[in-house]
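Chain by chain, the residues:
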Amino acid sequence: MKQITSIQNPFIKSLVLLQEKAKARRQTGTFLIEGLREISLAQKGGYEIETVLFLPELVTENQIEKLVSASVQLIEINKEVYQKLAYRDTTEGILAVAKAKSLQLSDLKLSENPLILVAEAPEKPGNIGALLRTADAANLDAVLIANPKSDLYNPNIVRSSVGCLFTNQIATGTTLEIITFLKEKKIDFYCATLQNSTSYHTQDFTTPTALVVGTEATGLTQEWRDAATQNIIIPMQGEIDSMNVSVAAAILIFEAKRQRGF
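None of the values given here were measured: they were computed from a predicted structure.

S.K.: How do you make sense of empty space enclosed by the protein when you look at a structure like this?
M.R.: Applying the stated criterion to the full structure yields 1 cavity of 30 Å³ or more. Put simply, the largest cavity is a space of about 90 Å³. Along its surface, the largest cavity is lined by Gln 19, Leu 32, Ile 33, Glu 34, Tyr 87, Arg 88, Pro 155, Val 158 and Arg 159. Mapped by element, the contributors of at least two residues to the lining of the largest cavity are strand 2 (30-34) and helix 7 (155-160). Its residues assigned to classes, the lining of the largest cavity shows 5 nonpolar, 1 polar and 3 charged. Both domain 1 (2-99) and domain 2 (105-260) contribute no fewer than three residues apiece to the lining of the largest cavity.

Quick look at the structure:
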């Protein structure tokens, strides 16, 4: 088995770039996953694992062999190398290099009566991770990111989604591309916005539906508001007129799930 004990090793340096630079992830088509649960969920989600690096004092070779196929390269590393690569404070002792998936709208496989979340231009990795966790909890058909501001394989998103990056069908595109896709698929879409809106709970989400949320700072663009089947609003009873985007999305999603009988 291969062993690497130096942070100056060229392969380790290339992995540090994967953690730090979206450009490196795009150029290689790979990214890093940290943690046993996350690697397991990536496997279940159809991601191809190329290499596993592990600390032998924390993870056994037998554990890894149960987790990944025999064709995956295993590399034993020491604590110094692990700490150079690890993103989280907690020490699980295992990392994997995985191939990124295509995020094309055309690759999505939807049910006959889909329920979809669309997020326009989300910026904060923590919010994206929370949206993906909510989508997983509700077993949505897909999460669509319009005009993405962040690379979805950013380690902050991998971490904050607690592996739900791998459990959801995800696609990205421009606002126009996603609106066109929804219309072609005859999916009604309801846009959460303050302007010209009706209360969300009065709408019927039992047919093919997409729920669309924007950023907390600027909300949805006019393009979405003009094209919507209906603009919707969550009635606010306090002093402020908005809430965290992941909280708003969860309220809308679980109203749709309630209407559909969970």
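Further notes follow.
S.K.: Honestly, the packing of aromatic side chains in this entry has me stumped. Any pointers?
M.R.: How two aromatic rings sit relative to each other is given by the distance of their centres and the angle of their planes. Inspection of every chain in the model, using the stated rule, returns 7 aromatic pairs. Aromatic side chains Tyr 190 and Phe 205 sit 5.0 Å apart centroid to centroid with 80° between the ring planes, which places their arrangement in the edge-to-face category. Here Tyr 190 is found in strand 9 (residues 188-192), whereas its partner Phe 205 is found in the loop between strand 10 (198-199) and strand 11 (209-213), with 15 residues between them in sequence. Grouping residues by exposure puts Tyr 190 and Phe 205 together as buried. Put simply, the rings of Phe 31, Tyr 47, Tyr 153 and Phe 166 touch in pairs and so form one group of aromatic residues.

S.K.: Looking at this model, I keep getting lost on the pattern of salt bridges. Mind explaining?
M.R.: Pairing between side chains becomes possible if they bear opposite charge and their charged atoms approach one another. Within the structure shown, the criterion is met by 3 salt bridges. Its salt-bridge partner being Glu 48, residue Lys 99 comes within 3.8 Å of it at the nearest N-O pair. Of the two residues, Lys 99 is situated in strand 5 (residues 94-99) and Glu 48 in the loop between helix 3 (36-44) and strand 3 (49-54); the sequence distance between them amounts to 51 residues. For Lys 99, a relative accessible area of 34% translates into the label partly exposed.

S.K.: Help me understand the pairing of strand 7 (residues 142-146), please; the structure alone is not making it clear to me.
M.R.: One face of the sheet, then the other: side chains in a regular strand alternate in exactly this way. Of all 5 residues in strand 7, 5 are buried; the element is thus mostly enclosed. A two-sided burial pattern is seen for strand 7, the buried positions comprising Ala 142, Leu 144 and Ala 146 on one face and Val 143 and Ile 145 on the other. Sheet topology note: the strand 6 (residues 115-120)/strand 7 ladder contains 5 bridges and is parallel. Bridge assignment links Ile 116 to a residue of strand 7, and that residue is Ala 142. For the crossover from strand 6 across helix 6 (residues 125-137) to strand 7, the handedness is right-handed. In this sheet, strand 8 (residues 170-173) lies alongside strand 7 in parallel orientation, the contact comprising 4 bridges. Residue pairing for strand 8: Leu 144 is matched across the bridge by Ala 171.

S.K.: Sorry if this is basic, but what is going on with the layout of surface pockets here?
M.R.: Empty pockets left among the atoms are what a rolling probe the size of a water molecule brings to light. Quantified by volume, the largest pocket comes out at close to 440 Å³. What lines the largest pocket is a set of 22 residues, among which Ala 192, Thr 193, Leu 194, Asp 241 and Ser 242 lie closest to the centre. Mapped by element, the contributors of at least two residues to the lining of the largest pocket are strand 12 (230-233) and helix 10 (245-259). Residue composition of the lining of the largest pocket, by class: 12 nonpolar, 7 polar and 3 charged.

S.K.: Is there a simple way to explain the nonpolar core in this structure?
M.R.: Burial of nonpolar side chains together is a common tendency in soluble globular proteins. Ranked by size, the top nonpolar core spans 50 residues in total, and within it Val 52 and Leu 211 carry the most contacts. The greatest single-element share of this core, amounting to 6 residues, is contributed by helix 10. Both domain 1 (2-99) and domain 2 (105-260) contribute no fewer than three residues apiece to this core. Every residue in contact with Val 52, bar those within four places of it in the chain, is listed here: Ile 64, Val 68, Val 72, Gln 73, Leu 74, Ile 75, Ile 94, Leu 95 and Ala 96.

S.K.: In this structure, what is going on with the sheet that holds strand 7? I would like to understand it.
M.R.: Whenever strands of a sheet pair, they do so through backbone hydrogen bonds, lying parallel or antiparallel. Read across the sheet, 7 strands follow the order 8-7-6-11-9-12-10 without closing on themselves; strand pairing throughout is parallel. Single-partner strands in this sheet number two, and they are strand 8 and strand 10. Running at roughly 165° to strand 11, helix 10 makes contact with strand 6, strand 9, strand 11 and strand 12 of the sheet.

About the cut-offs
- Residues numbered from 1 in each chain as written.
- Predicted model: local features only at pLDDT ≥ 70, side-chain atom pairs only at ≥ 80, totals over all residues.
- Heavy atoms only, no water.
- 1 Å grid on protein atoms, 1.4 Å probe; cavity = no way out; pocket = protein on both sides within 12 Å on 5 of 7 lines; lining within 4 Å.
- Points joined across faces, edges and corners; volume = space filled by probe spheres on them.
- Helix = DSSP H or I, 4+ residues; strand = E, 2+ residues; numbered from the N terminus.
- Nonpolar A, V, L, I, M, F, W, Y, C, P; charged D, E, K, R; others polar.
- Domains from an automatic or database assignment.
- Phe/Tyr/Trp six-rings, centres within 6.5 Å; stacked < 30°, edge-to-face > 60°.
- Buried < 20%, exposed > 50% of the residue type's maximum accessible area, 1.4 Å probe, protein only.
- Salt bridge = Lys/Arg side-chain N within 4 Å of Asp/Glu carboxyl O.
- Pairing = 2+ DSSP bridges.
- Right-handed = clockwise from strand over helix to strand, strands pointing away.
- Core = buried A, V, L, I, M, F, W, Y, C linked by side-chain atoms within 4.5 Å.
- Contact = heavy atoms within 4.5 Å.
- Axes fitted to C-alpha atoms, helices over the stretch in contact; angles between N-to-C directions.

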